[in-house]
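Observations on chain architecture
Okay, here's what each chain looks like letter by letter:
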Amino acid sequence: FFLRTGFGQSESYFGGKEDGKHGLAQGNGAAPPTWQQISTVILNAHKGKGHGVKIECPITRQTIKQVGILYVDDTNLWEGLEEDDDLISTAAKGQAAIDDWGGYLGETGGALKGEKCGVTIHHQSPDGKGGWVYTDQQQRGQEEGEEEDQEMHELSTMDFSVPTYAGGMERINRLPTNKADNNLGLFARPDGKSEQHFEQMKDRMTTWTAQIKSGHIPARSVWMSYNGQLWSGLRYGLGACSAPVSELKKGLTSADFYLLSNLGVTRSITKEWRYLPAAFGGMGLYDLTVETTAATLATFLQHYDDNPNPDIPEKHLSFTINVVMRHLRLELGVPDCPFQYDFHTWGHLATDSWAKAFWEKLDELGISLDFKSDNIPIPRRGDKAIMHLMVKMGLRGRDLLRVNRVRKAQEAMFLSDITTANGRYLERHLLEGHWIDSEERLLGKHRSKFIFGHEYPTAADFKLWKKYLLQIAPLNWMLEDPLREWINPTQRIWRHFLNTETMTVEIHTDEMIHEYAHDEEAGDRSNVLHPARHLELSAINKVPATLIEYDNGTVRMKQRGHRLVTEAEPIVYATFLERLLSKGGAWMWKDFECTQDLIWIVEAIRQGSLFCCTDGSYIKEIAVDVCGAAWILYCEETGKSLKGEFTEQSRWADSYRGEQLGMLAIHIILLTVEEHFGESLSNANIFCDNLGTIYKFSTKYARVSPSAKNNDILRVLRKIQSTSALAHKLSHVKAHQDDMLRYDTLSLEAKLNVNCDSRAKQV
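Residues numbered from 1 in each chain as written. Predicted model: local features only at pLDDT ≥ 70, side-chain atom pairs only at ≥ 80, totals over all residues. Heavy atoms only, no water.

**Regarding the overall build of the chain**
- Looking only at helices and strands, the chain has 22 helices and 26 strands in total.
- The C-alpha extent of the chain, read off along each of the three principal axes, is 100 × 75 × 65 Å.
- Here the chain holds 763 residues, and 44% of them are scored as buried.
- In the chain, once contacts between residues fewer than 6 apart in sequence are set aside, the share between residues at least 24 apart is 64%. (Helix = DSSP H or I, 4+ residues; strand = E, 2+ residues; numbered from the N terminus. Buried < 20%, exposed > 50% of the residue type's maximum accessible area, 1.4 Å probe, protein only. Contact = heavy atoms within 4.5 Å.)

This is how it looks when you write it as C-alpha cells:
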C-alpha cells in the first residue's frame, strides 16, 4: 500500500504496488475508528474459524470465546487446550491461527514481520511431588533410565512461522515462559512474574533522577515533576500486576533511595518515614505496594459484576474476572467469597494469579472489601465444607496443601460429596485412592458438575487425607454427626438411584441409563438385582443409592438416601422493605418506614403523575464530615407520598455529595419498585436543584474513572443502569423559591424542593 497525506502520495510502497490501498496518516482523526472497523471484521472472521480460547465458569459452566488482545500494532493471539486436545494438536491450532491472521492482514493491506513476532507455549507438567512447573523451566534429570517425554520432544522440533507479504513463510522465535516481552507497554512474563517490569520501572526512575539532577531545578519543582510526571507514567499497568507483596516491597526501594537528595530529603532518613504521608509527618513518597493495591482495587471495582451476562460483549471482562474469582473459590474449597479468609492460612492453596495477588494485597493492608458474591449453598442439612473442617482440625501449611490436593483430585467440595447416600458413612474408595482408579470412573469422566483442575496427589497425600477424615468418622467410617436431608442442589453427579415406586435400581453413565431389577422368575427376594434393560428416561420418583457391584454383573442395594433437591429455592421477599434492604446500603434506610402498598407508585408512573424530588445539605460549621439528603415521591392525582432522609459520615462529605446521594436513593427506590411489582417503569418526573447532579445521573456510564468525584455513587448508578432502562425525566428546579414567593403560589416541584430542603437540614 501507499501512504497518502496532505503533502501528496508517497512514491515508495509496502506490500506490492499493484494493490493501491492507502493508509491513514498519524494524527488523522479518522484513523482510530477505521482501525476499529477493520479489526472488528478481522476478529469476527478469526472467531468464525473457531480460533481462540474458551473461558468457562467452573460453577455455572457459562462460556465466552476470546481470540486475543489488539491495540494498533500490538497483538496477542490465543489458542487453548480443549478437554480432548493434547499439546501437539494445540500447537498445530496455534500455527493455523497465525496463518489465518496473516491472511486477514494481507487482504487489508497489512503484513506480519517475522522479527517482531514470537510464540510462547504455556504448558505445565507435574513436578513429581504433587505440584506443577512450567515445562520449559523444568529441570530434566540426566540419570540413567530417565527418558525425555516424547510429546515434549516432538514439540521441541516444531517450528512456528508467519506468512509474509511476498507469499512465503518466515520462522519466528520461541519465547520462554520466564522472559518478558514488551506488550502494550508492560513487561509481563508468561509465568506471571514481574521482576522485569519492576526493572523497567527502576530504569525510568533512574533516568528521571539523572535528568533532574542535571537540570538544577528547585526541590519544589522536583516534587511537582515527581507527582505529575514520573508517577503518572509509572502507575500505568499496575492494575494488571500480579506480583506478590514480597516483590512489591522490594520493588523500587533502591531507586527511591537515590532520588531522595533531589527532593530535598536527607538519605539517612529511615525507610518507614519515606513512605509515610506528609499529613503524618512523613516524606510522602509513593509506596509501590499501596499504589499497586489502589490500582488493582480500582480495576476490580470498575469491572466486577456478580452475575455478568456472557452474551453481552461489554461484559466479557466482568465475566472473566468473575470466572477467576470462582476458580479461586474451588481451589480453596470454600463456598463463599475467598477474600473473607486469612491469606496467611489459605493463600498457599491457590495458584498464582491476579485474583490471588489482589487478595494478598487486601489482606496485607487490612482492607475489607464488601461486595455481592453468590455463595455455593450447603447441599445437605448438617453438611460442611471439607476444607473448613481441615482448618478447624488444625491443619496448616504444607499438610493443608496436600489434603487440598487430594480433595480437588476427588472433585469434592462438601462432606456430602464423599459420603454414602444416607449421609452416615464416608465412601471408602474415596479415602483410600484416586476415584479414577475405582469402578466409579467406568460410569463417567467426572463425578462433579463443577470443573476442577487436574491434580496428581502422591501416596503420602492420600495417607494424610485418610488420617484426618477418619477423625470425624472414627468408627467403621461412620460420621459422628451424620448428614440429613437435601436442602439445596448438589454439585455431585450421582450415578446410582433407587426407583421408589418399582424398587428397581438405575445406574447412570455418561451415555445411557441401565436398569436393574429382582429376578422374579427365580423367586429372588434378596437385595440382589440383575441387569434388566436400558432406559430412555430416568424415573421421576427416585432417590440416590449406594450399591455393591459384583463381578457377575449383579448389584446389591446397600443404602438409600433422601430425595435430591433439583432446583434451589427462589428468594422470595415478603415485603418491599426486605427487597430494598437486600440491595445493601442499609444505613440509607435506617429510619425509613414503609407500611403502605406501593402499587400507587406504579399507577402514578403510568399516568405521568409521579413527581420525585431530592435535596442535599452540608453544614460545615456543625459537622465537617457529615452530609445529609432528603427525598420524596409524590402522586399529583392521589396525594399519596413516600419520603425518607438520611445522613452519611465520610471524609468526602460536601453539599454536592448530599445531592447525589439523594438522587441515588430515588433511583434505587424506583428500581426496587420495578422488581417488586414486575413492571418496567419509565416517565417519572424527577427534580433536583443541582444541575451537576442532573447531568451526572443523565449520563450513561460504561466506565467510571477512579479519579471521578464520588465515583462510588456513580458505580452504583452504573449497576442500576445495567439492570433497568431508567428512562425517567430529570429536570432542574430552582432552589429556595419560598424566600421570594408565598408557599401557596409555588409549583408542585418547588413545594417538594422546599420540603426536602427543610428535612435535609434537620436530619
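**Description of the packing of aromatic side chains**
- Within the structure shown, the criterion is met by 23 aromatic pairs.
- Between the aromatic rings of Tyr 304 and Phe 371, the centroid separation amounts to 4.9 Å while the plane-to-plane angle is 75°, which identifies the pairing as edge-to-face. Separated by 67 residues along the polypeptide, Tyr 304 in the loop between helix H9 (288–303) and helix H10 (316–332) and Phe 371 in the loop between helix H12 (354–365) and helix H13 (386–392) bring together distant segments of the chain. Just as Tyr 304 is buried, Phe 371 falls in that class too.
- Put simply, the rings of Phe 300, Tyr 304, Phe 339, Trp 354, Phe 358 and Phe 371 pair up and form one aromatic cluster.
- One residue, Arg 267, lies across the ring of Phe 257, its end atom 5.3 Å from the ring centre.
- Over the ring of Trp 494 we find Arg 492, and its NZ or CZ is 3.8 Å from the ring centre. (Phe/Tyr/Trp six-rings, centres within 6.5 Å; stacked < 30°, edge-to-face > 60°. Lys NZ or Arg CZ within 6 Å of the ring centre and 35° of its normal.)

**Some details on helix H2 (residues 87–107)**
- For H2, built from 21 residues, the straight-helix expectation of 30 Å at 1.5 Å per residue is met to within 8% by its first-to-last C-alpha distance of 31 Å.
- For H2, the capping residue at the N-terminal end is Asp 86, with a side-chain oxygen 3.3 Å from the backbone nitrogen of Ile 88.
- Gly 109 sits one or two positions beyond H2 and adopts a positive phi of about 95°. (Expected span 1.5 Å × (residues − 1). Polar contact = N/O pair within 3.5 Å; in protein donor to acceptor, adjacent residues only side chain to side chain.)

**Thoughts on empty space enclosed by the protein**
- With the rule as written, the count across this model stands at three cavities of 30 Å³ or more.
- Looking at the largest cavity, its volume works out to about 60 Å³.
- Considering the residues around the largest cavity, the lining is formed by Tyr 304, Asp 306, Asn 322, Met 325, Arg 326, Arg 329, Ser 373 and Asp 374.
- Here the residues of the lining of the largest cavity sort into two nonpolar, two polar and four charged. (1 Å grid on protein atoms, 1.4 Å probe; cavity = no way out; pocket = protein on both sides within 12 Å on 5 of 7 lines; lining within 4 Å. Points joined across faces, edges and corners; volume = space filled by probe spheres on them. Nonpolar A, V, L, I, M, F, W, Y, C, P; charged D, E, K, R; others polar.)

**Quick look at the side chain of His 123**
- On the secondary structure map, His 123 appears in the loop between strand E8 (118–119) and strand E9 (124–126).
- Only 2.6 Å separates the side chain of His 123 from the side chain of Thr 135, close enough to count as a polar contact.

**Observations concerning the sheet that holds strand E19 (residues 528–535)**
- Taken in spatial order, the six strands line up as E16-E17-E18-E19-E21-E20 and close into a barrel, and their pairing is antiparallel. Ignoring strand direction, the axes of neighbouring strands in this sheet form an average angle of 45°.
- Sheet topology note: the strand E16 (residues 496–499)/strand E17 (residues 505–508) ladder contains three bridges and is antiparallel. Along E17, the bridge assignment pairs Leu 498 with Val 505. (Pairing = 2+ DSSP bridges. Axes fitted to C-alpha atoms, helices over the stretch in contact; angles between N-to-C directions.)

**Looking at the nonpolar core**
- Ranked by internal contacts, the top residues of the largest apolar core, which has 48 residues, are Phe 300, Phe 339, Trp 346, Met 390 and Ile 418.
- Elements supplying a minimum of two residues to this core: H9, H10, helix H11 (343–346), H12, H13, helix H14 (397–409), helix H15 (428–432) and helix H16 (459–469).
- Residues contacting Trp 346, with those up to four places away along its chain left out, are Leu 332, Val 334, Tyr 341, Trp 359, Met 387, His 388 and Val 391.
- The next biggest cluster of nonpolar side chains, apart from the first, holds 45 residues, and it includes Ile 605, Trp 631, Ala 684 and Leu 717. (Core = buried A, V, L, I, M, F, W, Y, C linked by side-chain atoms within 4.5 Å.)

**What about unusual backbone geometry?**
- Of note, Arg 61 is a non-glycine position whose phi angle comes to about 65°, a positive value.
- Of note, His 736 is a non-glycine position whose phi angle comes to about 55°, a positive value.
- Judged by relative accessible area, which is 34%, His 736 ranks as partly exposed.

**Description of the pairing of E19**
- Relative to E19, strand E18 (residues 513–517) is paired through five bridges, and the arrangement is antiparallel. Paired with Ala 517 across the strands is His 530, a residue of E19.

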